[in-house]
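Now for the letters of each chain:
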Amino acid sequence: MDIEIIAVGGFDEVGRNMTAVRCGKEIVIFDMGLRLDQVMIHEDAEIESMHSLDLIQMKAIPDDTMMNTVDGTVMAIVCTHGHLDHIGAIPKLAHRYAAPIIATPYTIELIRQQIAGEQKFGVNNKLFALRTGQRYSISQNVVLEFIRVQHSIIESVAAVLHTPRGAIVYLNDFKLDRTPVVGDPPDFARFRQIGKEGVLALIVESTNVDMKGRTPSERIARDVVRDTITSYEDDKSAIIVSTFSSHIARIKTIAECAHEIGRKPVLVGRSMERYSTVAEQMKLVAFPSSLSIVGNRKSIDRVMRRMMKAGKDHFLPIVTGHQGEPGSILSRIVQEDTPYRIDKGDKVLFSAKVIPNPMNYGQRYLIETKLRMRGARIFDDLHVSGHAYREDHYEMLHLLNPEHVIPSHGGLPQTGGYAQFAEELGYTLHNDLHILRNGQRITVSK
Ligand SMILES: [Zn+2]
């Protein structure tokens, strides 16, 4: 059986991930993501009502027009987790394929909401929730399986396609966290078993391959956040924390620390509301009972007025805006566009790292400067990464022992970095190690 890996998006950049695997005449698509910074450059872009071809032109979503040149039928669209660079293009592209969308239950709910917000296209693909450990027969020849991993969003998986020529493992994104704060550690035993059965190809993220050692566990982030927050137990000033709204484990940590020092945690912002409410309703996380969540503008203003009146030291707002995004809650607070005021000595904690692109650096600089002008004290980088470091990649290569390796999820600096690392372990470029660019494809079995 001839098997081909087709790089559609996310091989020239970090974002807009999409990879297709063709087994004979059957095609499975992995991820359909958005590249958010490309959208932000076009400030007035209302993506919900935009056409896919315009978004492709902007390089905001994968250019899947190349799929017309691939000989076969798309049988399934598989998403590995709920980050927008993996599911964000579904409302724009999925309707072009008569295929079900398959993901873990939490990811499926996020996809459902994405589709509901779409204004241009009617997306009627069937949504199928697949749990880890279960299998889904895509055809007589091809079976899909999800394996549990950890990442910076809950219910992340590695997708394994069992073919007559061996397994194709799609591993975007992951970390090997043995002591996670929410959920269970990665299923090492299953990875090892699949490695023994035979892996034809591994398509693997390369984001942090240049970082030495192993990615610290989320438990370390919990200790760092807790250490900072609890040291202000008797402080009378405000404590505000900004983090990723999709990072449920981190939000749980922050909320628990607030509870511990007698402050009421309040999740503020529309995206904060979306990710956490779904997770809570699906019983995937238990927040402290004192936690409240406000999403729409009117209730946000009301709650903030209440915080100002009752005293900021009774609350701990968890807000959007860690990248300085215009329109985020933190950005609105510094512009005095909400009733919440920053006073001298107030503590603002960033439980996130600046995602490295010039726009984020600029916007974050702006917000920090404004905070400092109002006398706020700033705490940066209370964070650990959700992406595997070099030694995690080393461990995974040993578990799976793939015949072919295709680094993904990055531009040349990342995929090239991975290639160099894999060459040191005995792989050879153009032989069993392949750097693909968007629009390129490689046959791994004839
Ligand atoms: Zn991700």
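Thresholds applied
Residues numbered from 1 in each chain as written. Predicted model: local features only at pLDDT ≥ 70, side-chain atom pairs only at ≥ 80, totals over all residues. Heavy atoms only, no water. Pairing = 2+ DSSP bridges. Helix = DSSP H or I, 4+ residues; strand = E, 2+ residues; numbered from the N terminus. Axes fitted to C-alpha atoms, helices over the stretch in contact; angles between N-to-C directions. Donors = N, O, S within 2.8 Å, 3.2 Å for Na, K, Ca; no water. Buried < 20%, exposed > 50% of the residue type's maximum accessible area, 1.4 Å probe, protein only. 1 Å grid on protein atoms, 1.4 Å probe; cavity = no way out; pocket = protein on both sides within 12 Å on 5 of 7 lines; lining within 4 Å. Points joined across faces, edges and corners; volume = space filled by probe spheres on them. Nonpolar A, V, L, I, M, F, W, Y, C, P; charged D, E, K, R; others polar. Domains from an automatic or database assignment. Salt bridge = Lys/Arg side-chain N within 4 Å of Asp/Glu carboxyl O.

### Comments concerning the sheet that holds strand 10 (residues 166–171)
Then step 1. Ordered in space as 7-8-9-10-11-18, the six strands form an open sheet in which the pairing is mixed. On the outer flanks of this sheet lie strand 7 (135–137) and strand 18 (404–408), each paired with one strand and no other. Going across the sheet, the axis of each strand differs from the next one's by a mean of 20 degrees, ignoring polarity.
Then step 2. Examined bridge by bridge, strand 8 (residues 143–148) and strand 9 (residues 157–163) share six bridges and lie antiparallel to one another.

### Observations regarding the coordination of the zinc ion
Then step 1. For the zinc ion, the full set of protein donor atoms is H81 (NE2), H83 (ND1), H151 (NE2) and D173 (OD), at a range of 2.2 to 2.3 Å.
Then step 2. Donor residues binding the zinc ion come from one chain and are separated in sequence as H-x1-H-x67-H-x21-D. In this pair, H151 sits in the loop between strand 8 and strand 9 while D173 sits in the loop between strand 10 and helix 6 (188–197), placing the two residues 22 residues apart along the sequence. D173 matches H151 in its accessibility class, with the two residues each being buried.

### Quick word on empty space enclosed by the protein
Then step 1. Across all of its chains, the model carries one cavity of 30 Å³ or more by this definition.
Then step 2. Here the largest cavity is characterised by a volume of approximately 120 Å³.
Then step 3. Lining the largest cavity are 17 residues, with Q150, H151, E218, H247 and A249 sitting closest to its centre.
Then step 4. Each residue belonging to the lining of the largest cavity can be placed in one class, and the counts come to eight nonpolar, six polar and three charged.
Then step 5. Two domains each donate at least three residues to the lining of the largest cavity, and these are domain 1 (3–214 + 386–445) and domain 2 (218–379).

### A short note on the pattern of salt bridges
Then step 1. Under the definition given, this model contains 32 salt bridges.
Then step 2. With a closest N to O distance of 3.7 Å, R372 and E368 form a salt bridge. With R372 and E368 both in helix 12 (residues 358–373), this residue pair falls four residues apart, about one helical turn.
Then step 3. Here R372 falls in the partly exposed class, since its relative accessible area comes to 46%.

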